[in-house]
Amino acid sequence: MGGIGKPVPAPKPKSSTSSPFYFRTSERAPPIVASVLEERGWKNLNEIDPNEEGPILWNLLWKTGRFKPSDYRHADPCQRLNHFPKAGVIARKDTLIRNLRRMKHTYGSVYDFFPLSFILPNEYTKFVNCYADQEDKRKIWICKPADLSRGRKIFLIRDIGELAYDQQYVVQSYISNPLLVNGFKNDLRIYVLVTSFHPLTVYIYNEGLARYSTEKYDDSDHTKLLAHLTNSSLNKYNTGASVEGIESGCKQLLTDFFKMLRKEGADVDTLWLRIKGIIISTLLIAAPQVPKVETCFELYGFDVLVDQDLKPWLIEVNSSPALGIDNDVDRRVKPSLIHDLLDLLDFDGMLGRYEEDWAHPTRITHGGGRRAPVTHYFDLKEMAKKRMEEEVRRKRAVMERRGKKGGAK
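All figures in this text were calculated on a predicted structure; none of them were measured in a lab.

## Brief notes about the sheet that holds strand S6 (residues 141-145)
Taken in spatial order, the four strands line up as S5-S8-S6-S7 in an open sheet, and their pairing is antiparallel. The open sheet is flanked by strand S5 (117-120) and strand S7 (155-157), the only strands paired with a single partner. Adjacent strand axes in the sheet meet at a mean angle of 25°, parallel and antiparallel pairs treated alike. By the bridge criterion, three bridges tie S6 to S7 in an arrangement that is antiparallel. Looking at the pairing, Ile142 lines up with Leu156 of S7. Running over the sheet, helix H4 (residues 93-107) touches S5, S6 and strand S8 (169-173) and is turned about 135° from S5.

## Looking at the pairing of strand S1 (residues 22-25)
Where S1 lies against strand S2 (residues 43-44), two bridges are found, and the strand directions are parallel. Bridging from a neighbouring strand, Tyr22 pairs with Lys43 of S2. Following the backbone out of S1, through helix H1 (residues 31-39) and into the adjacent parallel S2, one traces a crossover that is right-handed. In terms of strand pairing, S1 meets strand S3 (residues 60-62) through three bridges, oriented parallel. Directly across from Arg24, in S3, lies its bridge partner Leu61.

## Considering the environment of Cys250
If you trace the backbone, Cys250 turns up in the loop between helix H7 (232-235) and strand S12 (251-253). Counting along the chain gives 38 residues from Cys250 to Tyr212, while the straight-line C-alpha distance between them is 4.9 Å.

## Re the confidence of the model for the protein
Of the residues in the protein, 79% reach a pLDDT of 70 or more, and the chain-wide mean stands at 83. Model confidence for the protein, summarised as mean pLDDT per element, is weakest for helix H2 (residues 50-53) at 59 and strongest for strand S13 (residues 298-306) at 97. Segment residues 2-18 is flagged for pLDDT under 50; beyond a separation of four residues in sequence, or across chains, it makes 35 contacts in the model.

## Here we look at the sheet that holds S2
The parallel open sheet is built from four strands, whose spatial order is S2-S1-S3-S4. Each of the sheet's edge strands pairs with one partner strand only, and the pair in question is S2 and strand S4 (80-81). In terms of strand pairing, S3 meets S4 through two bridges, oriented parallel. Its bridge partner being in S4, Leu60 is matched across the sheet by Arg80. H1 rests against S1, S2 and S3 of the sheet, and its axis sits at about 170° to S1.

## Focus on H1
Looking at H1, one finds that the buried residues are Ile32, Val33, Ala34, Val36 and Leu37. If you follow the buried residues of H1, they end up packed against S1, S2, S3 and helix H10 (328-345).

## Examining the nonpolar core
With 58 residues, the main nonpolar core has Ile190, Phe258 and Tyr300 as its most contacted residues. Among the elements of the structure, H4, strand S9 (186-197), strand S11 (209-212), helix H8 (254-263), helix H9 (268-286), S13 and strand S14 (312-318) are those that each provide at least two residues to this core. For this core, the leading source of residues is H9, giving nine residues. Leave out the neighbours within four places in its chain, and Ile190 touches Ile204, Leu254, Trp272, Ile275, Ile279, Tyr300, Gly301 and Phe302. Membership of the second largest hydrophobic core comes to 28 residues, among which are Ala29, Trp42, Leu253 and Ile338.

## Section: the pattern of salt bridges
According to the stated counting rule, one finds 17 salt bridges in the structure shown. Between Asp112 and Lys104 there is a salt bridge whose closest N-O contact spans 3.5 Å. Salt bridges sharing common partners tie together Arg92, Asp94, Arg98 and Asp147.

Quick notes on the rules
Residues numbered from 1 in each chain as written. Predicted model: local features only at pLDDT ≥ 70, side-chain atom pairs only at ≥ 80, totals over all residues. Heavy atoms only, no water. Pairing = 2+ DSSP bridges. Helix = DSSP H or I, 4+ residues; strand = E, 2+ residues; numbered from the N terminus. Axes fitted to C-alpha atoms, helices over the stretch in contact; angles between N-to-C directions. Contact = heavy atoms within 4.5 Å. Right-handed = clockwise from strand over helix to strand, strands pointing away. pLDDT = per-residue confidence, 0-100. Buried < 20%, exposed > 50% of the residue type's maximum accessible area, 1.4 Å probe, protein only. Core = buried A, V, L, I, M, F, W, Y, C linked by side-chain atoms within 4.5 Å. Salt bridge = Lys/Arg side-chain N within 4 Å of Asp/Glu carboxyl O.

See below:
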């Protein structure tokens, strides 16, 4: 991960130097995650029969949805979960807008990178007043559900009579001068890994996607969604459609997109600096709201639209960016992304550091306490067995307390 413009090397499987690592994924987790982990020698607990192998503690738990508070409480130092608690505060459209407004009120033009927005139904009256006062009566507004992804239930309006919604929506001023490639609209998907919010530690992947609409841009007809929306989940079903000059359907490598801009004389370095500024400024919103947890990481997908003046606009942030493989561009980007992510998390080094810590039981922690020595701390099967025994004892104690209370009555 690093700067834009460097070629992405082919992913090289990296085998573990210690005992095998174990992972577990949710049913909706992208298959590429399990594929890359198994390529690196990891064992999939979803495919292991606990009755035969006995309980085994996982090293990595990957879910598309959010985790329960108990998942964070029970996670051990040698385990990692792919979401921080409350990190979704910037991934939901309405909370993102509220926080961006708050920061813009405090820091002014530093946060001038998102369109004028209204959250409905709470701000319906404000939106109506703004609509009535607008000089351009043909202005387009884009309407998005606050908590849906993949382009679902998005629509565009010109007349307020077209506005109809059955859930919380975000209505935004439509950016009507997007940068076009051969007449097609596009946006950029930037992959961002956060390994810590305290201190904020961010890695921006050196490859990403330029995603295209599959019908030529036409602002005279706001009902042609495939001319206005760049979501790959929608455009990939426009069978037979392709963007002129783009090799693989409706996607292009981010580095190829920037090379194309450079040939046209664009200042790509400044554009990239502005995009990185948007990413950092947005993550600074989440940092104070995310508790300090050392057993998590977060892979975000930032969607950025560039207009004809080469100004980048933040469209939205995804906390579970799509990692499906639909074409050759995906195959060149996403497996390498997961390999790089795992290299940065450094599970081998993580276990080595904690093994050293536990080997010195008198070491002083930042809180002033002392770490107790633990025997066979890194024996994952033994660790899981002890965890289960503790859980049984806890449940028995709860049942006994409830029984005593019932007897007292």
